[in-house]
Amino acid sequence: MSERQNAFTIKTNRLSDEVYNKLAKYAKSRKLGDYISSLILRDLDDSSTEGKAIEDKKTYEILEHIKNELADLKTLAKTTGFLGNDSFEEEESSSKVPQLTEGKIADLENISGSLDDDDLEEYNDF
């Protein structure tokens, strides 16, 4: 494997004086390599961000397609009599956990039973 070169030569006649002076300033301060590296990393990050934006758009389009298909299925189910007049939302809400109402947990007035001495021997270490 070859070693990295520590110097680059840029040959172009398309640099404006302003760009050339900016590069010369970084070169004199020995920060040109870091500056170029940061620009390339930024470009790489921008390209990955663009890719993510495309993926997000595709995901959104698929989600919209699924919603449309579901709406079509609901309509078909209603028209064929597969589903009554109730909507899926009402059916889903009825399958939820029923709400508990407040009430008596135990009725302590009608306690029956007894404890034998044998039962108490198990707990005599208290």
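Given the structure is predicted, the values throughout are model-derived calculations rather than measurements.

(A) Helix H2 (residues 32-79), seen in detail. Compared with an ideal rise of 1.5 Å per residue, which puts 48 residues at 70 Å, H2 spans 71 Å between its outermost C-alpha atoms and is within 8% of the ideal. Immediately downstream of H2, the backbone of Gly81 shows phi near 80 degrees, a positive value.

(B) Quick look at the packing of aromatic side chains. Enumeration over the complete set of coordinates arrives at one aromatic pair. Ring centres of Tyr26 and Tyr35 lie 4.1 Å apart, and the angle between their planes is 10 degrees; this geometry places the pair in the stacked category. A relative accessible area of 24% places Tyr35 in the partly exposed class.

(C) Geometry of a nonpolar patch on the surface. Residues Ile10, Ile36, Ile40, Leu41 and Leu44 make up a contiguous nonpolar surface patch of about 470 Å² in total accessible area. With respect to the helices, strands and loops of the structure, Ile40 is situated in helix H2. On the basis of relative accessibility, which here comes to 46%, the residue Ile40 falls in the partly exposed class.

(D) Structural view of helix H1 (residues 17-28). Its 12 residues place the ends of H1 16 Å apart at the C-alpha level, agreeing with the 16 Å of an ideal helix rising 1.5 Å per residue. Directly after H1, the chain includes Arg30, whose backbone phi takes a positive value near 60 degrees.

(E) Just unusual backbone geometry, in detail. The phi dihedral of Arg30 falls on the positive side, at around 60 degrees, and the residue is not glycine. With respect to the helices and strands, the residue Arg30 is situated in the loop between H1 and H2.

The rules behind each value
Residues numbered from 1 in each chain as written. Predicted model: local features only at pLDDT ≥ 70, side-chain atom pairs only at ≥ 80, totals over all residues. Heavy atoms only, no water. Helix = DSSP H or I, 4+ residues; strand = E, 2+ residues; numbered from the N terminus. Expected span 1.5 Å × (residues − 1). Phe/Tyr/Trp six-rings, centres within 6.5 Å; stacked < 30°, edge-to-face > 60°. Buried < 20%, exposed > 50% of the residue type's maximum accessible area, 1.4 Å probe, protein only. Patch = residues over 30% accessible without salt bridge, like charges linked within 9 Å, V, L, I, M, F, W, Y side chains within 5 Å. Areas by Shrake-Rupley, 256 points an atom, 1.4 Å probe, with all protein chains shown as cover. Salt bridge = Lys/Arg side-chain N within 4 Å of Asp/Glu carboxyl O.

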